[in-house]
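An overview of the molecular structure
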Amino acid sequence: MQGGAQEPLIRFDDVSFQYEGQDKRSLQNVDITIDAGELVLVTGESGSGKTTLTRCVNCLIPHFFRGELSGEVLVGGRSIKETTPGDAGKLVASIFQDPRSQFFTTSSDGEAAFACENYGVAHEEIVRRVDDSFATLGMGDLKGKSIFSLSSGQRQKVAFVAAATLNPGIYVLDEPTANLDSATVLQVRDVLAALKEAGHTIVVSEHRLFWLAGLVDHIIVMRQGRVVEDSTDSHMELMTADALHDKQLRAFNLESLRHASPPAPPCRGDAFLRASHVRFSYKGEPLLLDDISLSAWKGEVIALIGRNGSGKTTLGKVLTGLIPCKDGRFVVAGSQVRQKRLSDYAYFVMQEADHQLYKESAVEELRLGNERTSDIDERIAGILDMLNLTDFAQHHPYALSGGQKQRLTIGTAMASSKPIVVLDEPTSGLDWGNMCAVAQAINLLRESERLVFVITHDIELVDLTATRVLALAEGRIADDFPLSSQAALERTRQIMLGGGLL
């Protein structure tokens, strides 16, 4: 409360919550206050209760997510128990990690207009608000686009536009940058700075911290459903990356990262994979990959970096035979291979884990396709342990959290025997500890002489795993260098922040 003169906009009084069907509380005796106009960061390990806390603020709890709620949550002076989701939507806008879960239309314009239409705003006013939102957020290039043609990062941008069009008093953001490149994340920072300047209250549940440095008024750290730190000073922002990693948190200051990648392999002899003059486009669309050629060796971890829409995921799918390219020649282990047969050699781990899970338990998921491997049970146990999934071995994959599903799909790649592995954003939405578990898995793949491509916006993951950086821009390879020194890490950081490519 500022100066004791006004009531907090948001108040949690001894709040506990246990989801229906769960055996433990996701929130335990939470007491916090948030003042109007504050930008509040809620961080902590995966499963610590961050998302549950935000679901109380936007009234999804108790009206959509059922369970046992005790204590009192007041938003705008009104109990969430007495506020309908419809009424809450006028005051609170929510932006989720996966924007598809909140889309209702098939076009970016329609999505931006939907909430206003739902609340009966006049047509002329809707048109003005939609145009202003696209322009203010610097996303005019996404206006008039089909939702299905957008990358995951571009879809997230449309979700921001849709929220801003309604112009609510409170914004609740749950892992909003998980699918965005670092340069776009800094654009989002500018948007939040403008919203804050205009007096909006912003609550951000987030693992990636660098983009919020200097913008946060209030930091809440959670662990096992409890608030373990509640601070309104900037001491955490001043900590080095190593100090925050010790607290199982991501870095605020990316410049304080120290080069930790394994040394690049010598890459002597013939490359294991060669791709020459690869071109790809969807029917009737411009080229997404334009004359790409590369060589790669076993024992490499190649970080594919670049802006959203630069062609990273498309290249990964082409190299694994998942989509047919327009032109290109491919050589694997010295023999020319038809592009559609690349899937015999390569395993692609999707960013959307739900699309790659088929069995009734985590164990059976890892066993799928490996039934004849003599030591499969021992390997599965080791993979589950490494990825912090041992306690969930018999759980149905769809009962797992998003991060757990992600790690399970990475485990399926480890269990396979294919020599090429492509991971698409394997750490989006992961805390420091689980990101390190994924990094360990990637390094184990490298040590077992696999060739690994990692499509990522996560410079902390790049630092822990990559031996080489391949940067894409507008469907072409714009830079390609070994990650072998602090200077190379700084070069990578500059590219990922949008200032390192010509």
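What comes next is a walk through the structure. (Residues numbered from 1 in each chain as written. Predicted model: local features only at pLDDT ≥ 70, side-chain atom pairs only at ≥ 80, totals over all residues. Heavy atoms only, no water.)

1. A word on the pairing of strand β4 (residues 67-75)
The criterion, for reference: In this scheme, strands are said to pair when DSSP sees at least two bridges between them. Secondary structure elements are defined from DSSP: runs of H or I of at least 4 residues count as helices, runs of E of at least 2 residues count as strands, and each element is numbered from the N terminus.
Pairing of strand β1 (residues 10-19) with β4, which is carried by 8 bridges, proceeds in the antiparallel orientation. Bridging across to β4, D13 finds its partner in E72. Pairing of β4 with strand β5 (residues 78-79), which is carried by 2 bridges, proceeds in the antiparallel orientation. For V75, the partnering residue across the bridge sits in β5 and is R78. Hairpin connection of β4 to β5: 2 residues between the antiparallel strands, including G76 at a positive phi of 65°.

2. A short note on the layout of surface pockets
Where empty space is left in the structure can be found by rolling a water-sized probe over the atoms. Heads up, the rule is: The method works on a 1 Å grid over the protein atoms by themselves. A cavity is a set of points holding a 1.4 Å probe that cannot get out, a pocket is an open set with protein on both sides within 12 Å along at least five of seven lines, and residues with an atom within 4 Å of a point line them. Grid points are joined across faces, edges and corners, and a volume is the space filled by probe spheres set on the points.
Quantified by volume, the second largest pocket comes out at close to 1300 Å³. Residue assignment for the lining of the second largest pocket shows that the elements contributing at least two residues are α6 (152-166) and α9 (312-319). In terms of residue count, the dominant contributor to the lining of the second largest pocket is α6 (5 residues).

3. Topic: the packing of aromatic side chains
Any aromatic ring pair is given by two values, namely how distant the centres are and how the planes are angled relative to each other. For clarity, the threshold we go by: In summary, the pairing rule links any two rings of Phe, Tyr or Trp, Trp by its six-membered ring, whose centres are within 6.5 Å, and it sorts them by plane angle into stacked for under 30 degrees, edge-to-face for over 60 and tilted for everything else. Each residue is assigned to one of three classes by its accessible area relative to the maximum for its type, calculated with a 1.4 Å probe on protein chains only: buried under 20%, partly exposed between the two thresholds, exposed over 50%. As a reminder, the over-ring test applies to NZ of lysine and CZ of arginine, requiring each to be within 6 Å of the ring centre and within 35 degrees of the ring normal.
In this structure the tally under the stated criterion is 4 aromatic pairs. Judged by centre distance (6.3 Å) and plane angle (85°), the ring pair of Y19 and F65 falls under edge-to-face. Of the two residues, Y19 sits in strand β1 while F65 sits in the loop between α2 (60-63) and β4, which places them 46 residues apart along the sequence. A ring pair is formed by F280 and Y282, whose centres lie 4.9 Å apart and whose planes are at 85°; its orientation type is edge-to-face. Residue classification places F280 among the buried residues on the basis of a relative accessible area of 3%. Overall, the relative accessible area of 44% leaves Y282 in the partly exposed class. Linked through ring pairs, F17, Y19, F64 and F65 together constitute an aromatic cluster. Across the ring face of F65, the terminal group of R55 is positioned such that the distance to the ring centre comes to 3.8 Å. Lying across the ring of F481, R491 places its NZ or CZ 3.9 Å from the centre.

4. Describing unusual backbone geometry
Among all residues save glycine, negative phi is the norm, and among peptide bonds the norm is trans. Residue I61 is joined to P62 through a cis peptide bond whose omega torsion reads 10°. Take P62: it is sitting in helix α2. Positioned with a positive phi, H277 is a non-glycine residue whose angle comes to about 50°. Along the chain, H277 turns up in strand β11 (residues 273-280). Positive phi, close to 55°, is recorded for A333, a residue that is not glycine.

5. Here we look at the sheet that holds strand β8 (residues 201-205)
As a reminder, the rule being used: Comment: axis = line fitted to C-alpha atoms, over the contacting stretch for helices; angle = value between 0 and 180 degrees taken between N-to-C directions. Pairs of residues are marked as contacts when any of their non-hydrogen atoms sit within 4.5 Å.
An order of β6-β7-β8-β3-β9-β10 is seen for the 6 strands of this open sheet, with the pairing classed as mixed. Strand pairing shows two members of the sheet lacking a second neighbour, β6 (92-95) and β10 (226-231), which therefore form its edges. For this sheet, the mean angle separating the axes of adjacent strands, direction not counted, is 15°. In this structure, strand β9 (residues 218-223) lies alongside β10, joined through 5 bridges in antiparallel fashion. If you follow M222 over to β10, its bridge partner there is V227. Helix α7 (residues 182-197) contacts β3 (39-44), β7 (170-174) and β8 of the sheet and is inclined by roughly 145° relative to β8.

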